[in-house]
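Take a look at the letters that make up each chain.
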Amino acid sequence: IAVPVGIIVGRFELNRAVIRQKGADTELLAVDSLFLALSAHGDRISVEDLQLQTPEYAVTLRGKVQFADDWPVSVAGEYRLHQEGVADVRGALSLSGSLEAPEADVEILEPVHVRLHGNGADVLNNLSWQLTASAQEFSPSAINDQWPELALELQLSSEGTLDQYQ
């Protein structure tokens, strides 16, 4: 994939979109706002800013993707999740590396601190992966006040290949 000339999208903005089932008041999908600023030149796309806001979640991303060689990528951002009756979740995420050696991090910063890190190798031919997760001591009641006051801590690691699942 290659763009023959440099393209700059100064701004794309959507200020409200709702999908409802015909004759019903229930929203199937609602987008409060969507903002995108990107540029493309040759086989590179740079996302200067991507912001998506819905009643339940918000995501902001920035980064670069190259659609050649082994598709190097470097994308980072933040997210927020909201659901009635549960504490709001706020965190950060990143994706880096390439199809040959991708890495991803997802971190929950509030209401508890949890970190998930994954990396892989040879995604297209012989996928292998490693995953680690850790959570500092927290109580489930920090997430939902109806849940018990306990002290939980998590350390997890896993690895595998696609051959193990055939």
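Before reading further, recall that the structure is shown in the block above.
Rules behind the numbers
Residues numbered from 1 in each chain as written. Predicted model: local features only at pLDDT ≥ 70, side-chain atom pairs only at ≥ 80, totals over all residues. Heavy atoms only, no water. Helix = DSSP H or I, 4+ residues; strand = E, 2+ residues; numbered from the N terminus. Rg over C-alpha atoms; globule rule 2.2 N^0.38 Å. Buried < 20%, exposed > 50% of the residue type's maximum accessible area, 1.4 Å probe, protein only. Contact = heavy atoms within 4.5 Å. Lys, Arg positive; Asp, Glu negative; His and termini not counted. Charge placed at Lys NZ, Arg CZ, Asp CG, Glu CD. Polar contact = N/O pair within 3.5 Å; in protein donor to acceptor, adjacent residues only side chain to side chain. Salt bridge = Lys/Arg side-chain N within 4 Å of Asp/Glu carboxyl O. Pairing = 2+ DSSP bridges.

Right, let's talk about the overall build of the chain for a bit. In terms of regular secondary structure, the chain is built from zero helices and 12 strands. Relative to the compact-globule value of 15 Å for 166 residues, the chain shows a C-alpha radius of gyration of 20 Å, a clear excess of over 25%. Once the C-alpha set of the chain is aligned to its principal axes, its extents read approximately 60 × 50 × 30 Å. A burial count over the chain gives 21% of its 166 residues as buried. Pairs at least 24 residues apart make up 25% of the contacts formed inside the chain by residues separated by at least 6 positions. Positive and negative side-chain charges in the chain, numbering 10 and 25 respectively, have mean positions lying 11 Å apart.

We now examine the environment of serine 39. Following the sequence through the fold, serine 39 ends up in strand 4 (residues 33–42). Residues serine 39 and arginine 115, 76 residues apart in the sequence, show an inter-C-alpha distance of 31 Å. Within the structure, serine 39 has its side chain in polar contact with the side chain of glutamate 48 (distance 3.4 Å).

Here we take up unusual backbone geometry. Cis rather than trans, the peptide bond between glutamate 110 and proline 111 has omega equal to 5 degrees. Structurally, proline 111 can be placed in the loop between strand 9 (103–110) and strand 10 (114–121). Phi is positive for tryptophan 71, which is not a glycine, with a value near 55 degrees. Within the element layout of this structure, tryptophan 71 appears in the loop between strand 6 (57–66) and strand 7 (73–83). Of note in this structure, aspartate 122 is not a glycine but carries a positive phi near 50 degrees. Within the fold, aspartate 122 resides in the loop between strand 10 and strand 11 (128–138).

In the structure shown here, the tally under the stated rule is six salt bridges. When salt bridges with common partners are traced through the structure, they connect Arg16, Arg20, Glu27 and Asp32 into a single cluster.

The side chains of a regular strand alternate, first on one face of the sheet and then on the other. As judged from the 10 bridges shared by strand 7 and strand 8 (residues 86–97), these two strands associate in the antiparallel manner. Residue pairing across strands places valine 73 opposite glycine 97, the latter belonging to strand 8. Pairing geometry for strand 8 and strand 9, over seven bridges, is antiparallel. Bridge pairing in strand 9 places leucine 95 opposite alanine 104.

A separate point is the environment of valine 65. In this structure, valine 65 sits in strand 6. Placed 79 residues apart in sequence, valine 65 and asparagine 144 show a C-alpha to C-alpha distance of 38 Å. When neighbours within four sequence positions are excluded, valine 65 is seen to be in contact with Asp43, Arg44, Ile45, Pro72, Val73 and Val75.

Pairing between strand 4 and strand 5 (residues 44–53): nine bridges, direction antiparallel. By the bridge assignment for strand 5, leucine 38 is matched with valine 47. Linkage of strand 4 to strand 5, two consecutive antiparallel strands, is achieved through a turn of one residue.

Another aspect to go through is the side chain of serine 141. For serine 141, the position within the fold is in the loop between strand 11 and strand 12 (152–161). Looking at serine 141, the relative accessible area reads 16%, which means it is buried. In terms of polar contacts, serine 141 uses its side chain to reach the side chain of serine 139, at 2.9 Å. Excluding anything up to four places from it in sequence, serine 141 contacts Trp147, Pro148 and Glu149.

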